[in-house]
Amino acid sequence: QVRLVESGGGLVQPGGSLRLSCATSETFVNIATMGWYRQGSGKQRELVAEIIRTSRADYADSVKGRFTISRDGAKSTVYLQMNSLKPEDTAVYYCHAKTTWASEYWGRGTQVTVSS
């Protein structure tokens, strides 16, 4: 069982920044993709950003140029730096990982609220 532990959510004003962290109990050698999804109130869960094993990153169009995903192999942690936050970024953000043997895991989620 792979565990994912998220941190870094909170309340921020529009235009502000937050950094989310997701630490995994699995070594990155066994992680095929790892990233972040979000689910706003009354909305479907959507991909925000994910990083592929080869270090290629994919982003939702709505966050390109504002969010950056990165990883630290030594810490088995993925980060999501979120800048220029907008009220529409408000959601519960979930860490997601897919292993090389195609199993998928989710974190418990962390709330991000963008409001003045």
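Refer to the structure presented above.
Rules of the game
- Residues numbered from 1 in each chain as written.
- Predicted model: local features only at pLDDT ≥ 70, side-chain atom pairs only at ≥ 80, totals over all residues.
- Heavy atoms only, no water.
- Disulfide = S-S within 2.5 Å.
- Helix = DSSP H or I, 4+ residues; strand = E, 2+ residues; numbered from the N terminus.
- Buried < 20%, exposed > 50% of the residue type's maximum accessible area, 1.4 Å probe, protein only.
- Pairing = 2+ DSSP bridges.
- Axes fitted to C-alpha atoms, helices over the stretch in contact; angles between N-to-C directions.
- Phe/Tyr/Trp six-rings, centres within 6.5 Å; stacked < 30°, edge-to-face > 60°.
- Lys NZ or Arg CZ within 6 Å of the ring centre and 35° of its normal.
- Contact = heavy atoms within 4.5 Å.

Asks: Explanation requested: the state of the cysteines in the structure shown.
Replies: Note: disulfide means a covalent bond formed between the sulfur atoms of two cysteine side chains. By the definition in use, this model includes 1 disulfide. Bridging C22 to C95, the disulfide has an S-S length of 2.0 Å. Disulfide C22-C95: the torsion about the S-S bond is -85°, which places it as left-handed. On the criterion of sequence distance, the pair formed by C22 in strand β3 (residues 18-24) and C95 in strand β9 (residues 91-99) is long-range, its members being 73 residues apart. Judged by relative accessible area, which is 0%, C22 ranks as buried. Classification of C95 by relative accessible area gives buried; the value is 0%.

Asks: Just to check I follow, could you spell out the sheet that holds strand β8 (residues 77-82) for this structure?
Replies: Strand pairing in a sheet is mediated by backbone hydrogen bonds. Such pairs are either parallel or antiparallel. As summarised here, the arrangement of the 4 strands in space is β1-β3-β8-β7, forming an open sheet in which the pairing is antiparallel. The two strands at the open ends of the sheet, each matched to only one other strand, are β1 (4-7) and β7 (67-72). For this sheet, the mean inter-axis angle between neighbouring strands, taken without regard to orientation, is 15°. Pairing of β3 with β8, which is carried by 6 bridges, proceeds in the antiparallel orientation. What sits directly across from A23, in β8, is T77.

Asks: What am I meant to see in the pairing of β1 here?
Replies: Working note: regular strand, side chains alternate between the two faces of the sheet. Burial of the side chains of β1 is restricted to one face: L4 and E6 are buried, whereas none of V5 and S7 on the reverse face is. Relative to β3, β1 runs antiparallel, the two sharing 4 bridges. Bridge pairing in β3 links S7 to S21.

Asks: Explanation requested: the packing of aromatic side chains in the structure shown.
Replies: Aromatic ring pairs are reported here in terms of the distance separating the ring centres and the angle at which the planes meet. Going through the model one piece at a time under the given rule, you end up with 1 aromatic pair. Here Y37 and W106 contribute two aromatic rings whose centre-to-centre distance is 5.0 Å and whose plane-to-plane angle is 70°, an arrangement assigned as edge-to-face. Within this pair, whereas Y37 is found in strand β4 (residues 31-39), its partner W106 is found in strand β10 (residues 104-106), the two being separated by 69 residues in sequence. Positioned over the ring face of Y94 is R45, at 3.8 Å from the centre of the ring. Over the face of the ring belonging to W106 we find R45, whose NZ or CZ atom lies 4.6 Å from the ring centre.

Asks: I would appreciate a short explanation of the environment of K86 in the present structure.
Replies: Mapped onto the secondary structure, K86 falls in the loop between β8 and β9. As a C-alpha pair, K86 and G16 span 70 residues in sequence and 8.2 Å in three-dimensional space.

Asks: Would you take a moment to explain the side chain of T33 for this structure?
Replies: Examined against the element boundaries, T33 turns out to sit in strand β4. You can call T33 buried: its relative accessible area is 14%. Residues within four places of T33 in sequence aside, it is in contact with E50, I51, I52, H96, A97 and K98.

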